[in-house]
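Listed below, chain by chain, are the residues.
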Amino acid sequence: MRPLPRRIPVLAASALAAALITTGCSEIQEVSQGIDKAQQCVQAAGIVTETAAKVSGLLNDPAAMEQALNDGGAKLGDLADKAANTSLKEAAEGVSGTLEGFNVTDANSAVDAAQKVATDSVQWVQQLTNACG
C-alpha cells in the first residue's frame, strides 16, 4: 500500500476545524440574538410602563402630557425599527402608533388620555411580551 500524502491529513484537519468554528460561531450568534431579543422585550415593556407613569402625573399639563405620549411612541418606534423579531416589531409599531395618536389639547382630553393609558397600558405590555414569547 502506498502511504497517504502529508497534505491529506492536514487538509482534513483544516476542514474539520473550519466546520467546528463555523458551527460555534452560529451558535454564539443565536445566543446573542436571543439576548438582544430579550433586552428589546424588556425595553419595550419598560417604555410603556414609564410612559404610563409620566402621563398619570401630567393631568394638569396637557401640553406636557402630549409630549410624553409622543416621546413614548417615538421610543417604541425606534425600538421597532431595530427589532429583529417580526412579532415584536409589529406589536411595538402598533402601540407606538396608539401613543402618538392621542390628541391632548385641554384638561378634558388630558383626563381621557390618562384614563385610556392607565387602562390599556397593562394590555400593551402583555401584547409586547406575548410578541416576544
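On a predicted model such as this, the values are computed, not experimentally measured, just so you know.

Rules behind the numbers
Residues numbered from 1 in each chain as written. Predicted model: local features only at pLDDT ≥ 70, side-chain atom pairs only at ≥ 80, totals over all residues. Heavy atoms only, no water. Helix = DSSP H or I, 4+ residues; strand = E, 2+ residues; numbered from the N terminus. Buried < 20%, exposed > 50% of the residue type's maximum accessible area, 1.4 Å probe, protein only. Contact = heavy atoms within 4.5 Å. Areas by Shrake-Rupley, 256 points an atom, 1.4 Å probe, with all protein chains shown as cover. Disulfide = S-S within 2.5 Å. pLDDT = per-residue confidence, 0-100. Salt bridge = Lys/Arg side-chain N within 4 Å of Asp/Glu carboxyl O.

(A) Representation of the overall build of the protein chain. Within the protein chain, the regular secondary structure consists of four helices and zero strands. Put simply, the protein chain runs from its N terminus to its C terminus through helices and strands in the order α-α-α-α. Looking at the protein chain as a whole, 31% of its 133 residues qualify as buried. Considering only residue pairs separated by 6 or more positions, the protein chain has 70% of its internal contacts joining residues 24 or more positions apart. With the model as given, the accessible surface of the protein chain reaches about 8,500 Å², and the carbon-plus-sulfur share is 57%.

(B) Structural detail: the environment of Ile 47. With respect to the secondary-structure elements, Ile 47 resides in helix 1 (residues 7–56). Considering only alpha carbons, one finds Ile 47 and Asp 71, 24 residues apart in sequence, at a separation of 9.5 Å.

(C) Broad picture of the state of the cysteines. With the rule as written, the count across this model stands at one disulfide. Residue Cys 41 pairs covalently with Cys 132 via a disulfide, S to S 1.6 Å. Between Cys 41 and Cys 132 the disulfide shows an S-S torsion of about -110°. By sign, it is left-handed. Residue Cys 41 is found in helix 1, and its partner Cys 132 is found in helix 4 (residues 107–132); the two are separated by 91 residues along the sequence.

(D) Quick look at the confidence of the model for the protein chain. Per-residue pLDDT for the protein chain has a mean of 82; in total, 74% of the residues score no lower than 70. The least confident element of the protein chain, judged by mean pLDDT, is helix 1 at 67; the most confident is helix 2 (residues 62–82) at 95.

(E) Region of the structure containing the side chain of Thr 51. Position of Thr 51 relative to the elements: it lies in helix 1. Apart from the residues lying within four places of it in its own chain, the contact partners of Thr 51 are Ala 68, Leu 69, Gly 72 and Leu 99.

(F) Inspection of the pattern of salt bridges at higher detail. Tallying each qualifying case throughout the model produces four salt bridges. In this structure, Glu 50 and Lys 54 form a salt bridge, with 3.3 Å as the shortest nitrogen-oxygen distance. Linking Glu 50 with Lys 54, this pair stays in helix 1, spanning four residues, or about one helical turn. Look at Lys 54 and you get partly exposed, because its relative accessible area is 39%. Salt-bridge contacts for Asp 120 lead to Lys 116; the nearest nitrogen and oxygen are separated by 2.7 Å. Of the two residues, Asp 120 and Lys 116 are both situated in helix 4; the distance of four residues between them amounts to about one turn of the helix. Given the relative accessible area of 41%, Lys 116 is considered partly exposed. Several salt bridges share partner residues, and in doing so they unite Glu 50, Lys 54 and Lys 75 into one network.

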